[in-house]
Structures are given as C-alpha cells and as structure tokens.
Amino acid sequence: PPPPAGAPPESRHGSAGVLVSNDCGVTWQARGDVHLPATWLIENTVVSTSAPGVHPPASQLLMLFRTGTGRIYKTTSPDEGASWTDPTATELPNPNSKTSICTCQRGGDVALAYNHSTSKRAPLHVAVSGDNGGSWRHAAVVEADPEGNFAYPTVLEWAPGVLK
C-alpha cells in the first residue's frame, strides 16, 4: 500500500540506505538508493555478515525492512553500502512492523526479532539464519498473547550464545 494519507510527497517514492562514518562519527556519508515502487521500505535494520563461500571471509551488509506487503523484505550489499541488490520478499510474515537483527558471535548466524503475523503486532518471534538472511528457521516464541501489541522489538547478543 502507499504511504498514509497526508504523508509529504517525497515520502511517497522514498528510498533507503545507510549512513557510513570512517572517522568515529565526525563525518558521515549517505550510501545506497534502495527503493521498491510497489511498497515503501522503512525502518530498516542492518548487520554486517560474511559473504558465503569467500575465503578469507568478506564482509557484506544485510538490511531488512518493514513494508506494507505482509512480508519482511531484504537486500544485501557487498561493498559497505555503496550498492545494494534489488529488494526481495523473505518468507517471513510482517504486519508493517519494525524488526531487529543482530549477528551472533558463535558461527555468525543472524538472529531476527519480528512479529510473526501479516495483520497484528503479535506474536513476537525470533528466527535465525545461517546463510546471511537467505533462509530463516524458527528459534523461539518470545510473546504469544494474540491480543498483545509487541511493537519495536530489539535483539542483541548479550554474551556469546545469549540473546536478549
């Protein structure tokens, strides 16, 4: 669906990207121009992952988006955000709600906190990807109350192997 009624014209055809600083935040550079005419791509969440099959491992970025399509969308960048793949839908449902990802120290898996629904911000699940966001497996139900409103989750690795 389009952005809400009354949204400024520039938000109707917005794009996403990242801000990069190579001097500890003194200066910043905007990188990327990720857009999808069919829906908005907003409230992104980004992690650095390892490119599969590359030795030594090369860093790549994985970015996930909240959308109005009922699915979480993803894109990847092999060059620190200068260019991005075309955004594609994942198999994971999403009710147009923010998600959160982190890279785990052990094995480099990516953990994702998200609402496993196309219409409600409940339930709250965690899924894990062992292939840099290519596919996801269910890991846990964090909140199951179907009447809950579990919006804007945050996931982080508190200690090796411990997610909070």
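Structure's up top.
Because the structure is a prediction, the values reported are computed rather than measured. (Residues numbered from 1 in each chain as written. Predicted model: local features only at pLDDT ≥ 70, side-chain atom pairs only at ≥ 80, totals over all residues. Heavy atoms only, no water.)

Q: Would you mind showing me how to read the sheet that holds strand E7 (residues 100-103) here?
A: Hydrogen bonds between backbone groups are what pair the strands of a sheet, and the pairing can be parallel or antiparallel. One open sheet holds the four strands; their spatial order is E7-E8-E9-E10, and the pairing between them is antiparallel. Sheet topology places E7 and strand E10 (137-143) at the edges, where each strand pairs with a single neighbour. The sheet shows a mean angle of 20° between the axes of neighbouring strands, direction not considered. Examined bridge by bridge, strand E9 (residues 124-129) and E10 share five bridges and lie antiparallel to one another. Bridge pairing in E10 links Ala-127 to His-138. (Pairing = 2+ DSSP bridges. Helix = DSSP H or I, 4+ residues; strand = E, 2+ residues; numbered from the N terminus. Axes fitted to C-alpha atoms, helices over the stretch in contact; angles between N-to-C directions.)

Q: Explain the nonpolar core here, please?
A: If you look at soluble globular proteins, the nonpolar side chains tend to sit buried side by side. Counting eleven residues, the largest nonpolar core is built from Val-47, Leu-62, Leu-64, Ile-72, Leu-92, Ile-101, Val-110, Leu-112, Tyr-114, Ala-127 and Trp-136. Ranked by residue count, the leading element in this core is strand E8 (residues 110-115), at three residues. For Tyr-114, the contacting residues outside a window of four places in its chain are Ile-72, Leu-92, Pro-93, Thr-99, Pro-123, Leu-124, His-125, Val-126, Ala-127 and Pro-153. Ranked by size, the runner-up nonpolar core spans ten residues in total, among them Val-20, Val-34, Leu-41 and Met-63. (Core = buried A, V, L, I, M, F, W, Y, C linked by side-chain atoms within 4.5 Å. Buried < 20%, exposed > 50% of the residue type's maximum accessible area, 1.4 Å probe, protein only. Contact = heavy atoms within 4.5 Å.)

Q: I keep staring at the pattern of salt bridges and nothing clicks. Help me out?
A: Pairing is possible between side chains of opposite charge, provided their charged atoms come close. Applying the stated criterion across every chain yields a total of four salt bridges. The partner of Arg-137 in a salt bridge is Asp-109, and the shortest N-O contact between them spans 3.6 Å. Of this pair, Arg-137 sits in strand E10 while Asp-109 sits in the loop between E7 and E8, and the two are 28 residues apart along the sequence. Classification of Arg-137 by relative accessible area gives partly exposed; the value is 46%. Residue Lys-120 pairs with Glu-147 through a salt bridge whose shortest N-O separation is 3.7 Å. (Salt bridge = Lys/Arg side-chain N within 4 Å of Asp/Glu carboxyl O.)

Q: I keep staring at unusual backbone geometry and nothing clicks. Help me out?
A: Residues apart from glycine generally show negative phi values, whereas peptide bonds are mostly found in trans. A cis amide bond, omega -5°, links Ala-122 with the succeeding residue Pro-123. Tracing the sequence through the fold places Pro-123 in the loop between E8 and E9. Located in the positive-phi region is Cys-24, a residue other than glycine, with phi close to 60°. Positionally, Cys-24 belongs in the loop between strand E1 (16-20) and strand E2 (29-34). A residue is classified by how much of its surface remains accessible, and Cys-24, at 83% relative accessible area, is exposed. With a phi angle near 45°, Glu-43 is a residue other than glycine that sits in the positive phi range.

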